[in-house]
Amino acid sequence: MPYTYRCRDYPGMEACPASFTAESASEVMKHVELHAEVAHGEDPKQWSQADREQLQNLIVAS
């Protein structure tokens, strides 16, 4: 079952059109981390556990 994440669903990222679909939630998370780094200038290593949980909650079965 594929999983999907849409960047615009994260608070404050409503203008971002990026979305990712992959076969597992962990694979989607890797895409999200790379996207955050390249497109938004974030360092995923600096994300708090709460940030990661919020992101994981937005990765849904599609």
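Residues numbered from 1 in each chain as written. Predicted model: local features only at pLDDT ≥ 70, side-chain atom pairs only at ≥ 80, totals over all residues. Heavy atoms only, no water.

Novice: Could you clarify how one ought to interpret the packing of helix H1 (residues 25-40) against helix H2 (residues 49-58) in this entry?
Specialist: Each pair of packed helices can be summarised by the angle the axes make with each other and by the distance between the axes. Packing of H1 against H2 brings their axes to within 11 Å, and their N-to-C directions diverge by 120°. In terms of orientation, H1 and H2 fall into the oblique class. In this structure, the crossing between H1 and H2 has a hand that is right-handed. Residues Met29, Val32 and Glu33 of H1 form the contact with H2, whose own contacting residues are Arg52, Leu55 and Gln56. Of the residues in the contact of H1 with H2, the class split is 3 nonpolar, 1 polar and 2 charged. (Axes fitted to C-alpha atoms, helices over the stretch in contact; angles between N-to-C directions. Helix = DSSP H or I, 4+ residues; strand = E, 2+ residues; numbered from the N terminus. Parallel < 35°, antiparallel > 145°, perpendicular 65-115°, else oblique. Left-handed = near helix turned anticlockwise from the far one by under 90°. Contact = heavy atoms within 4.5 Å. Nonpolar A, V, L, I, M, F, W, Y, C, P; charged D, E, K, R; others polar.)

Novice: In this structure, what is going on with the sheet that holds strand E3 (residues 60-61)? I would like to understand it.
Specialist: Whether parallel or antiparallel, the strands of a sheet pair through hydrogen bonds between backbone atoms. Strand order in the open sheet formed by 3 strands is E2-E1-E3, with antiparallel pairing between adjacent strands. The sheet terminates laterally at strand E2 (19-22) and E3, the two strands that pair on one side only. By the bridge criterion, 2 bridges tie strand E1 (residues 3-6) to E3 in an arrangement that is antiparallel. Within E3, the residue paired with Tyr3 across the bridge is Ala61. Against the sheet, H1 contacts E1 and E2, and its axis sits at roughly 150° relative to E2. (Pairing = 2+ DSSP bridges.)

Novice: How do you make sense of the pattern of salt bridges when you look at a structure like this?
Specialist: In a structure, side chains of opposite charge can pair up when their charged atoms sit close to one another. Summed over the entire model, instances satisfying the criterion amount to 2 salt bridges. Close ionic contact of Arg52 with Glu33 constitutes a salt bridge, the shortest N to O distance being 2.7 Å. Taken together, the residues Arg52 in helix H2 and Glu33 in helix H1 connect sequence positions 19 residues apart. (Salt bridge = Lys/Arg side-chain N within 4 Å of Asp/Glu carboxyl O.)

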